[in-house]
Amino acid sequence: MKRGSVIGNIAKDLGLDLGRLSARKARIDTEDNNVKYCGVNLNTGDLIVQERIDREGLCGKKASCVLKQELVLENPLELQRINIRVQDINDNSPQFKEDSLKIEIHEMAGKGARFLLGEAHDGDIGENAVQGYSLQQNDHFKLNVNTKAGGRKYGELVLDKELDREDKKEMMLLLTAFDGGSPQRSGTVVIHVTVLDANDNVPVFSQTVYKASLPENSPLDTIVITVSATDADEGLNSEITYEFDHVSGENSNIFSLHSKTGEVKVAGSIDYEKVSSYEMQISAKDGLGLVSYATLMIEVTDINDNAPVIHLKSVTNPIPENVSPGTEVGIINVQDRDSENNRQVRCSIQQNAPFKLVPSIKNYYSLVTTGQLDRELVSDYNITITATDEGSPPLSSSKTVQLSVADINDNPPVFEEQSYSASVSENNKPGSTLCSVTARDPDWRQNGTVIYSLLAGEVNGAPVSSYLSVNGDTGVIHAVRSFDYEQFRSFKVHVMARDNGSPPLSSNVTVSVFISDVNDNSPQILYPAPEGNSFMTELVPKAAHGGSLVSKVIAVDADSGQNAWLSYHIVKSTDPGLFTIGLHSGEIRTQRDISESDSMKQNLIVSVKDNGQPSLSATCSMYLLISDNLAEVPELKDISYDEKNSKLTSYLIIALVSVSTFFLTFIIIILGVRFCRRRKPRLLFDGAVAIPSAYLPPNYADVDGTGTLRSTYNYDAYLTTGSRTSDFKFVTSYNDNTLPADQTLRKSPSDFAEVFGDCDRSPEVGTYLVSVNSC
């Protein structure tokens with residue numbers, strides 16, 4: 001049959017689902033994995049001819065020729081045996097061993113003498129084999145056709161009329177062999193008959209059939225058997241020559257026959273797996289051409305000379321790492337060409353891999369997983385499969401199967417640290433690098449690619465993205481804006497590391513950002529008020545002694561730490577030796593007693609410095625009047641802070657002086673009546689400097705000795721009786737009733753009565769406790 005010819009429909013015959021043949025990888029396989037004569041059409045289910053099938057090459061002279069094939073299906077594994085019976089067709093013509101046959105016949109041969117002609121060989125069998133012979137018409141011979149025990153036909157030349165050597169020495173006859181096929185085929189041979197003198201005894205073999213046993217792979221020149229024949233004649237007529245009568249072409253060079261001794265030796269390769277037995281005809285011919293025949297049968301015994309062969313029929317590669325134990329990942333087929341115990345095979349696999357072999361149909365094995373795979377631990381496996389037969393000695397072979405584990409996104413990114421912190425100085429440049437975060441993902445390729453991002457959130461009411469940004473590839477965190485320590489000192493953000501898997505996995509980490517202080521704020525003077533805001537003057541009694549507290553400069557610094565440590569210095573004064581200021585307290589005190597020669601108007605310029613690097617400073621002016629009474633002051637208009645407000649200030653001073661004079665006169669009269677014995681005036685009222693909350697930012701800490709306010713201060717104030725009308729800022733405990741700093745505290749006569757009502761003593765200098773509370 002031609003290639004592609006349809007033998008039959010196996011899908012229909014086996015009841016298989018035609019639509020699933022392709023999915024189940026249907027294919028035709030052979031037991032010995034040699035030539036695949038057949039294939040299967042996955043679309044139609046037809047069994048088709050794939051290679052030319054030669055019955056004579058497969059089965060020789062066997063009456064029945066069966067070609068064994070296997071249909072292999074996967075998912076699940078299924079094996080179906082297919083036996084194809086190969087029918088013989090008449091494609092071989094009968095052939096004689098030689099082109100001509102030489103027969104020598106003694107002239108004394110009587111009528112009816114028979115001369116064996118041998119048989120013609122036809123590769124076909126049955127009716128297509130040799131069915132008969134015909135002899136060319138002649139005067140002396142006729143043909144007699146006989147049948148051997150095996151059914152083979154051979155011809156005998158029968159002498160029908162005596163020969164006369166003197167009449168005719170030689171004759172040429174044409175013998176034709178024909179088969180029973182359709183169309184009929186035939187073959188011819190020329191018979192050359194030579195008439196000799198009489199030889200009346202034919203050689204006789206010692207056995208009609210010779211049998212021998214021979215191990216395969218026997219070396220060359222190994223003696224298989226020795227045949228022998230005898231001839232009763234003498235001389236030339238008894239000299240016997242041995243030769244193979246008929247040997248097929250493929251076996252013609254396997255054995256050799258010594259023509260004189262009859263020794264049969266090995267001349268070629270003996271392979272049990274190719275040919276397990278041989279049958280040959282041996283002829284013995286005497287010197288004058290009489291021939292007899294014997295049959296030689298050689299059985300080849302198997303030895304274990306073939307190691308098992310491992311075939312990888314199917315494999316799943318790569319294997320997803322999340323497959324469950326027991327999953328089939330490959331199909332293995334093991335073949336051994338030997339026979340019986342020599343072909344019994346055991347398969348094994350190395351023990352250090354999560355795989356095992358499970359026997360399946362016939363000589364098939366399934367390679368299945370035995371445990372959970374993890375690509376991050378082992379990404380590739382080299383599985384060595386070993387097959388050993390049961391021969392003696394046993395033979396084995398091995399095959400290495402490389403399996404790769406496909407990555408599954410089963411690992412989230414993991415940060416190298418549980419939390420990160422970054423420190424940055426305030427007033428940093430936007431875009432500066434704060435720190436970097438790093439996360440590792442042991443997965444592969446996109447499953448292990450880490451992308452960084454900021455989680456949504458707020459810092460001081462603003463989105464976190466307005467403060468920081470993170471590089472999605474490197475994890476480097478940058479500042480988006482410049483930070484101000486005075487607004488906030490630290491904040492936290494959350495950074496997410498996400499991989500590129502599907503679905504993606506992520507993890508978060510907290511990044512704490514700490515802002516360090518920079519000396520970027522100059523000291524802020526709360527009291528006295530900056531120049532130009534108001535007209536403020538302190539009165540110093542003429543009777544003030546050295547060390548008396550006159551006033552206090554109050555300043556704060558928005559920075560922190562040493563940047564907020566304040567120091568006070570008098571940089572310029574009307575009388576340098578009269579007043580001194582506390583280095584860290586800002587308290588202005590007299591260095592000595594006031595004398596009559598001291599100028600009434602004293603102007604101090606005070607510098608307040610912080611302890612930062614570089615140091616920042618602020619200055620203020622302090623105006624002091626040495627007087628017991630405002631009436632003694634010739635004019636106050638010279639003490640002015642702002643030319644634009646000079647007239648208004650003058651009017652206010654005149655009004656204040658008038659009102660103060662009226663009240664002072666009234667008070668003096670009352671005091672003169674009650675305290676006529678007193679020489680020196682008493683302070684008519686106490687007051688306090690009001691420090692409103694607007695001067696103190698809410699985030700300032702109270703640090704002793706840094707220039708900020710302490711919890712409580714005690715002041716000794718020396719004021720004259722006329723000082724009640726001055727523009728003095730009275731210091732009181734700060735509360736909700738405290739007047740703003742830009743207003744002047746004025747008291748009614750009833751207030752003075754409450755102050756002086758219980759005074760039992762009249763000291764020359766009054767002492768007052770002034771309490772200032774800092775925020």
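In terms of helices and strands, the chain carries four helices and 50 strands. In the chain, which comprises 775 residues, the share counted as buried stands at 43%. Accessible surface for the chain amounts to roughly 40500 Å². Of this, 48% is attributable to carbon and sulfur atoms.

Overall, the coordinates contain 13 aromatic pairs when judged by the stated rule. Look at Phe 96 and Tyr 133: their rings are 6.2 Å apart centre to centre, the planes differ by 50°, and that puts the pair in the tilted class. One end of the pair, Phe 96, is in the loop between strand 6 (78-85) and strand 7 (100-106); the other, Tyr 133, is in strand 9 (residues 130-135), and 37 residues separate them in sequence. A single burial state applies to Phe 96 and to Tyr 133, both of which are buried. Each ring, one from Phe 483 and one from Phe 488, has its centre 6.3 Å from the other, and the planes form 65°; the classification is edge-to-face. When sorted by exposure, Phe 483 lands in the same class as Phe 488, which is buried. Linked through ring pairs, Tyr 467, Phe 483, Phe 488 and Phe 491 together constitute an aromatic cluster.

What follows deals with the pattern of salt bridges. This structure, assessed with the given rule, holds 14 salt bridges. Across the pair Asp 575 and Arg 592 runs a salt bridge whose closest N-O atoms are separated by 3.0 Å. Placement of the pair is Asp 575 in the loop between strand 46 (567-573) and strand 47 (579-581) and Arg 592 in the loop between strand 48 (587-590) and strand 49 (601-609), with a sequence separation of 17 residues. Judged by relative accessible area, Arg 592 falls into the partly exposed class, the value being 29%. Overlapping salt bridges, with partners in common, bring together Lys 25, Arg 27 and Glu 74 in one network.

Along the chain, Asp 245 turns up in strand 18 (residues 241-246). Despite its burial, Asp 245 pairs with no opposite charge; the closest candidate is Lys 97, at 5.1 Å N-O. Excluding residues that lie within four positions of it along the chain, Asp 245 makes contacts with Lys 97, Gln 281, Ile 282, Ser 283 and Tyr 293.

Turning to the nonpolar core, a few remarks are in order. Within the largest apolar cluster, 29 residues are counted, with the highest numbers of intra-cluster contacts made by Leu 468, Phe 483, Phe 491 and Val 511. Among the elements of the structure, strand 32 (419-425), strand 33 (433-436), strand 35 (450-454), strand 38 (468-470), strand 39 (476-479), strand 40 (490-499) and strand 41 (506-516) are those that each provide at least two residues to this core. When near neighbours in sequence (up to four residues on either side) are disregarded, Val 511 contacts Tyr 420, Cys 435, Val 437, Ile 477, Phe 491, Lys 492, Val 493 and Val 495. Membership of the second largest hydrophobic core comes to 25 residues, among which are Val 224, Val 227, Val 264 and Val 266.

Time to look at the sheet that holds strand 8 (residues 114-118). Strand-to-strand pairing in sheets goes through backbone hydrogen bonds, with the strands running parallel or antiparallel. Spatial strand order, 8-11-10: three strands in an open sheet with antiparallel pairing. Taken across any chain shown, the strands that pair with only one partner, and hence form the sheet edges, are strand 8 and strand 10 (141-147). Within this sheet the neighbouring strands show an average axis-to-axis angle of 30°, counted without direction.

What follows covers the side chain of Asp 302. When you line up the elements, Asp 302 lands in the loop between strand 22 (291-301) and strand 23 (309-315). One buried charge, Asp 302, has no salt-bridge partner; the nearest side chain with opposite charge is Arg 343, at 8.4 Å. Among the polar contacts made by the side chain of Asp 302, one reaches the main-chain amide nitrogen of Ser 339 at a distance of 3.0 Å. A polar atom in the side chain of Asp 302 sits 3.2 Å from the side chain of Asn 342. Aside from chain neighbours lying at most four places away, what touches Asp 302 is Glu 216, Tyr 272, Glu 273, Asp 338, Ser 339 and Asn 342.

Time to look at the sheet that holds strand 19 (residues 255-257). Pairing in this open sheet of three strands is antiparallel, and the strands run 16-20-19 from one edge to the other. Pairing within the sheet leaves two strands with one partner each, and these edge strands are strand 16 (223-226) and strand 19. This sheet shows a mean twist of 20° between the axes of neighbouring strands, independent of strand direction. Sheet topology places strand 16 next to strand 20 (residues 263-266); three bridges connect them, and they run antiparallel. Within strand 20, the residue paired with Thr 226 across the bridge is Glu 263.

With respect to the helices and strands, the residue Glu 166 is situated in the loop between strand 11 (153-159) and strand 12 (170-179). Distance from Glu 166 to Val 195, taken between C-alpha atoms, is 9.1 Å for residues 29 residues apart in sequence.

With an omega of 0°, the peptide bond running from Asn 75 to Pro 76 counts as cis. In this structure, Pro 503 follows Ser 502 across a cis peptide bond, with omega equal to -5°. Residue placement: Pro 503 occurs in the loop between strand 40 and strand 41. Notably, Asn 75 is not glycine yet its phi reads approximately 55°, a positive angle. Its place among the elements puts Asn 75 in the loop between strand 5 (66-73) and strand 6. Its identity is not glycine, yet Asn 460 carries a phi of approximately 55°, on the positive side. What makes Asn 460 exposed here is its relative accessible area of 54%.

When pLDDT is averaged along the chain, the result is 79; 82% of the residues meet or exceed 70. Note on residues 679-775: pLDDT is under 50 here. Beyond four places in sequence and across chains, it has 205 contacts.

As for its placement among the helices and strands, Asp 160 is situated in the loop between strand 11 and strand 12. Taking C-alpha positions, Asp 160 is 9.9 Å from Asn 138, a pair spaced 22 residues apart along the chain. If sequence neighbours within four positions are ignored, Asp 160 has contacts with Lys 111, His 140, Phe 141 and Lys 142.

So, how was this worked out
Residues numbered from 1 in each chain as written. Predicted model: local features only at pLDDT ≥ 70, side-chain atom pairs only at ≥ 80, totals over all residues. Heavy atoms only, no water. Helix = DSSP H or I, 4+ residues; strand = E, 2+ residues; numbered from the N terminus. Buried < 20%, exposed > 50% of the residue type's maximum accessible area, 1.4 Å probe, protein only. Areas by Shrake-Rupley, 256 points an atom, 1.4 Å probe, with all protein chains shown as cover. Phe/Tyr/Trp six-rings, centres within 6.5 Å; stacked < 30°, edge-to-face > 60°. Salt bridge = Lys/Arg side-chain N within 4 Å of Asp/Glu carboxyl O. Lys, Arg positive; Asp, Glu negative; His and termini not counted. Contact = heavy atoms within 4.5 Å. Core = buried A, V, L, I, M, F, W, Y, C linked by side-chain atoms within 4.5 Å. Pairing = 2+ DSSP bridges. Axes fitted to C-alpha atoms, helices over the stretch in contact; angles between N-to-C directions. Polar contact = N/O pair within 3.5 Å; in protein donor to acceptor, adjacent residues only side chain to side chain. pLDDT = per-residue confidence, 0-100.

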